[in-house]
Amino acid sequence: MLDFFTIFSKGGIVLWCFQGAGVTESFTGPVNALIRSVILQERSGNNSYTHDALNLKYKLDNEFELVFVVGFQKILTLTYVDKFIDDVQLHFRDRYKNELEQKGALSLLNNNFAFEDDFNELLREAEESSKARGPNSMRSFNESLKSQKTVKSMIETKGGDKGKEQGGKKNRNAKKEAPVAEPVKVEQVKAPASPPKTMENGTEVLSQEEIIQKKREEFIRKRMGVPVEKPSKSPKPVKEKQKGKEKRVWTLGGSSTKELDYSESNGNGAHSAGEQGLDPQVNLGMQLSSMKGDLLTVDYESSEDDEVEEEEEERVVVADSSKKSTKKGGFGGMFGMLKGLVGSKSLSQEDMEPVLDKMRDHLIAKNVAAEIASQLCDSVAKKLEGKVMGTFTTVASTVKAALQDSLVQILQPKRRVDILRDVLEARSQRRPFVITFCGVNGVGKSTNLAKISFWLIENGFTVLIAACDTFRAGAVEQLRTHQRRLNSLHPPQDHEGRPVVQLYEKGYGKDAAGIAMEAIAYARNQAFDVVLVDTAGRMQDNAPLMTALAKLIAVNMPDLVLFVGEALVGNEAVDQLVKFNQALADHSMSDKPRLIDGIVLTKFDTIDDKVGAAISMTYITGQPIVFVGTGQTYNDLRSLNARAVVGALMKA
């Protein structure tokens, strides 16, 4: 039934392995994929992994740094695997405890772990126990709860509650036995003369007798069927309207042209920058600095209160542990405090649960998607379970350090995207390097495309912008404006009379995939270095537009597909990326479809320290954040600093 079972150390030394009868394929490929995609990427929250036709279950032993992996066919439903892998782990630890306690790789290589007989015995017991249980048989009618019900119990009462039927009958009988009160006329009940009511804060102040009399009148009206008069609302104080901007009066004639010239001042009378006589293009060029070479990283100023907050957290943990042990006396309280600090035992799930719950809430508050936050905390729990704590370290500090390491590992890409190097390589092959931008509406695709254009121009490359957003009104004009401004910053006379940025557009309502194909062919003929393809914004649930995007990418096969996403989103980031990737995979014509290769995180300057969207996006796709937009000028483009972002994320 099992294809393979292997036990290896986290250093990569295989201690023992088993391969099922009739299995000829090597299991190194699936195990290596598990190590690359799950264990190294800190995604071990779920103990299962699927690779092609195989389903892999694994268990981490953090005390001895071991990994237990079992593989079986995906179509099989083996209910005993989870218990079986736990039994193998305990049996292997107990039998080879002395050998495993010897530190070093040489000690593991020199030992011979003969585990075949024990493994076969455990496997036989697990298979027999699963067969003995068998499928759950259907209960007979007499065994079901329905057979115990009577017709009387199934009759619904007027209130809809079956269980209170008998009580309801008793109440009805009691009502019948009670004497019927004579109807009271409303006219006969007269309220006694009361002094004039005082007003306080716009509401009437009633005495206790008046309140009782008022409730009595309402009760009598309800019994007699007389509609209750609604109390008149007290008049609200009239608020004075705030004076806003005065309306500008445009007359048909009689005014001079000087009076109608409002270009030198804004609506409130303040003079604009145009009065100073500065050329906006020159002013823009003075503000922009050089962006040659690699981009600067996003950095956060370390807060001086971080160390104080960490000390306070540790005091809270120690205080909690001392409160729990005060019942045992003074000596027990002191011993409990030391036990909370000194590494005297291995971590268990119960020890970490309150700390992990607090960490999960903290991550969600920092804009990490709720599902991702839970998976991260589960991964940290499995990573630390059974691990012996260091001396004088608290559970909170240990869990926080492990979570920080996991977050840094997630943000650091599996592969480094070096666009400048890739553009140079494409230039040596006499072809343009093609980058396609995609994303939902309003996230800043065109703006960040212009920033990336400026960065590429600063590094000596020529850029062709393909206007493939043929849907949004003003999309082509926006790109044309960016083209003019970029060419004014880098005049053609400084580049042998050739403009460094050109726009390839065919207007609106055309096929975006065809425009991209023509733009790439034009760039190849005109020897452009980079083609930046701007696409229309689309929601992830819009199937026709997602199909069009998948067609554009499948037909033109760009070198890089960048997803542009806002740093403001939380749970929505997961849905967007999953559905974008799913659409690209479903509508691709090849066996290995082109998915999202990287992420552009925009509006990063608007979120302060709520940087959780970066974690959510990289965790879902496994792809790096290539660019970070931090403002509204061409210079506001950065690369991601994983440790700085994690530091801001973990800051209280």
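Definitions and cut-offs
Every chain begins its residue count from 1, and numbering advances along the sequence as written. Selection of residues for local features in this predicted model requires a pLDDT of at least 70, selection of side-chain atom pairs for listing and counting requires 80 or more, and totals for whole chains, interfaces and linings are taken over all residues. Processing note: side-chain calculations cover all non-hydrogen atoms of the structure and skip hydrogens and water entirely. Strands here mean DSSP runs of E at least two residues long; helices mean DSSP runs of H or I at least four residues long; both are numbered from the N terminus. With a 1.4 Å probe rolled over the protein chains alone, any residue whose accessible area is under 20% of its type maximum counts as buried; one over 50% counts as exposed, and the rest are partly exposed. Computed with the Shrake-Rupley method and a 1.4 Å probe, the accessible areas treat only the protein chains shown as cover for residues. Two strands make a pair as long as DSSP finds a minimum of two bridges between them. Under this scheme, a helix contributes an axis fitted over its contacting stretch, all axes are lines through C-alpha atoms, and angles between N-to-C directions fall in the 0 to 180 degree range. The contact criterion used throughout is that any non-hydrogen atoms of two residues lie within 4.5 Å. Throughout, the protein atoms alone are placed on a 1 Å grid, and a set of points is a cavity if a 1.4 Å probe fits but cannot get out or a pocket if it is open with protein on both sides within 12 Å along at least five of seven lines; lining residues have an atom within 4 Å of a point. Grid points are joined across faces, edges and corners, and a volume is the space filled by probe spheres set on the points. When residues are grouped by polarity, Ala, Val, Leu, Ile, Met, Phe, Trp, Tyr, Cys and Pro land in nonpolar, Asp, Glu, Lys and Arg in charged, and all others, Gly among them, in polar. When a carboxyl oxygen of Asp or Glu lies within 4 Å of a side-chain nitrogen of Lys or Arg, that pair is called a salt bridge. In this analysis, a patch consists of residues with relative accessible area above 30% that form no salt bridge, clustered at 9 Å for like charges and at 5 Å for the nonpolar side chains Val, Leu, Ile, Met, Phe, Trp and Tyr. As used in this structure description, the phrase polar contact means that two N or O atoms lie within 3.5 Å; if the pair is within protein, one of them must be able to donate a hydrogen and the other to accept it, and residues adjacent in sequence are counted only when both atoms belong to side chains. His is not counted here, nor are the chain ends, while Lys and Arg score as positive and Asp and Glu score as negative. When an angle is under 35 degrees it counts as roughly parallel; over 145 it counts as roughly antiparallel; between 65 and 115 it counts as roughly perpendicular; any other value is oblique. Rotating anticlockwise by less than a right angle from the far helix to the near helix defines a left-handed crossing, while the corresponding clockwise rotation defines a right-handed one. Per-residue confidence from the predictor is reported as pLDDT, which spans 0 to 100. Each aromatic pair joins two rings of Phe, Tyr and Trp (for Trp, the six-membered one) with centres within 6.5 Å, and gets the label stacked for planes under 30 degrees apart, edge-to-face for over 60, and tilted for any other angle.

## Re the overall build of the chain
Across its full length, the chain carries 21 helices and 15 strands. For the chain, with 652 residues in total, the buried portion stands at 39%. Carbon and sulfur atoms form 52% of the exposed surface of the chain, whose accessible area is close to 39600 Å².

## Thoughts on the sheet that holds strand β2 (residues 14-19)
With respect to topology, five strands assemble into an open sheet ordered β2-β1-β5-β4-β3, the strand pairing being antiparallel. Each of the sheet's edge strands pairs with one partner strand only, and the pair in question is β2 and β3 (48-51). With strand direction ignored, the average angle separating the axes of adjacent strands in the sheet is 20°. Note: strand β1 (residues 4-9) against β2, five bridges, orientation antiparallel. Following the sheet pairing, Phe4 is matched in β2 by Gln19. Against the sheet, helix α1 (residues 28-39) touches β1, β3, β4 (54-61) and β5 (66-73), its axis set at about 125° to β3.

## Concerning empty space enclosed by the protein
A full pass over the atoms with the stated rule returns two cavities of 30 Å³ or more. Quantified by volume, the second largest cavity comes out at close to 30 Å³. Ranked by residue count, the leading element in the lining of the second largest cavity is helix α18 (residues 543-556), at three residues. Looking at the lining of the second largest cavity residue by residue, the class counts come to four nonpolar, one polar and one charged.

## Examining the pairing of β1
For β1, the tally of buried residues reaches six of six residues, placing the bulk of the element in the interior. Here β1 shows two buried faces, one formed by Phe4, Thr6 and Phe8 and the other by Phe5, Ile7 and Ser9. Of the strand pairs in this sheet, β1 and β5 are connected by six bridges, and their pairing is antiparallel. Counterpart to Ile7 in the pairing with β5 is Phe68.

## As for the pattern of salt bridges
Enumeration over the complete set of coordinates arrives at 21 salt bridges. For the salt bridge of Lys10 with Glu65, the shortest nitrogen-to-oxygen distance reads 3.8 Å. One end of the pair, Lys10, is in the loop between β1 and β2; the other, Glu65, is in the loop between β4 and β5, and 55 residues separate them in sequence. Residue class for Lys10 comes out partly exposed when judged on its relative accessible area of 38%. Taking relative accessible area as the criterion, Glu65 reaches 32% and is therefore assigned partly exposed.

## Points about the sheet that holds strand β12 (residues 560-566)
Read from one edge to the other, the open sheet built from eight strands follows the order β10-β9-β11-β8-β12-β13-β14-β15, with strand pairing classed as mixed. At either end of the open sheet lies a strand with only one pairing partner, and these are β10 (501-504) and β15 (637-638). Two strands pair when backbone bridges link them, and strand β8 (residues 433-439) and strand β11 (residues 530-535) are joined in this way by five bridges, in the parallel orientation. Considered in β11, the bridge of Ile435 is made with Leu532.

## Some details on a nonpolar patch on the surface
Together, Met1, Ile75 and Leu76 give the surface a local cluster of nonpolar side chains, amounting to about 340 Å² of exposed area. In this fold, Met1 is placed in the segment before β1. The exposed category is assigned to Met1, whose relative accessible area is 58%.

## Describing the side chain of Thr535
Along the chain, the position of Thr535 falls in strand β11. Ignoring any residue separated from it by four or fewer positions in sequence, one finds Thr535 in contact with Thr436, Phe437, Cys438, Lys445, Cys468, Asp469, Leu549 and Leu552.

## Notes on the environment of Asp351
Tracing the backbone through its elements, the reader meets Asp351 in helix α11 (residues 349-365). The exposure class of Asp351 is partly exposed, given its relative accessible area of 22%. Asp351 sits 30 residues away from Ala381 along the chain, and the two C-alpha atoms are 10.0 Å apart. Within polar-contact distance, the side chain of Asp351 engages the side chain of Ser348 at 3.0 Å.

## Some details on the side chain of Asp534
Locating Asp534 in the fold gives a position in strand β11. Buried charged residue Asp534 carries no salt bridge. Nearest counter-charge: Arg472, at 5.2 Å. Within the local environment of Asp534, its side chain forms a polar contact with the side chain of Ser446, the two groups lying 3.1 Å apart. Aside from chain neighbours lying at most four places away, what touches Asp534 is Lys445, Ser446, Leu449, Ala466, Ala467, Cys468, Asp469 and Leu479.

## Digging into the packing of α18 against helix α19 (residues 571-586)
At a closest axis distance of 8 Å, the pairing of α18 and α19 adopts a crossing angle of 60°. On the basis of their axis angle, the class for α18 and α19 is oblique. Once α18 is placed against α19, the crossing between them reads as right-handed. Facing Met546, Leu549, Ala550 and Ile553 of α18, the residues of α19 in contact are Lys579, Phe580, Ala583 and Leu584.

## Topic: the confidence of the model for the chain
Mean pLDDT over the chain works out to 76, with 71% of the residues at or above the 70 mark. Looking across the chain, the model is least confident in helix α8 (residues 280-287), with a mean pLDDT of 44, and most confident in β11, with 95. Under a pLDDT of 50 for its full length, residues 198-202 has, in the predicted model, six contacts with residues more than four places off or in other chains. Scored below 50 in pLDDT, residues 302-311 shows four contacts in the model against residues more than four places distant or in partner chains.

## Observations regarding the packing of aromatic side chains
Overall, the coordinates contain 19 aromatic pairs when judged by the stated rule. Measuring from centroid to centroid gives 5.5 Å for Trp16 and Phe115, while their planes differ by 85°, and the two rings are edge-to-face. Here Phe115 lies in the loop between α4 (105-110) and α5 (116-133) and Trp16 lies in strand β2, a separation of 99 residues in the sequence. Both residues of the pair, Trp16 and Phe115, count as buried. Grouped by ring-pair contacts, the aromatic residues Phe5, Trp16, Phe18, Phe68, Tyr80, Phe84, Phe92, Tyr96, Phe113, Phe115 and Phe119 constitute a single cluster.

## A look at the environment of Glu572
Looking at where Glu572 falls in the secondary structure, it is placed in helix α19. Take Glu572: its relative accessible area is 35%, and that puts it in the partly exposed class. Counting along the chain gives 41 residues from Glu572 to Ala613, while the straight-line C-alpha distance between them is 9.3 Å. A polar contact of 2.7 Å, which involves the side chain of Glu572, links it to the side chain of Gln540.

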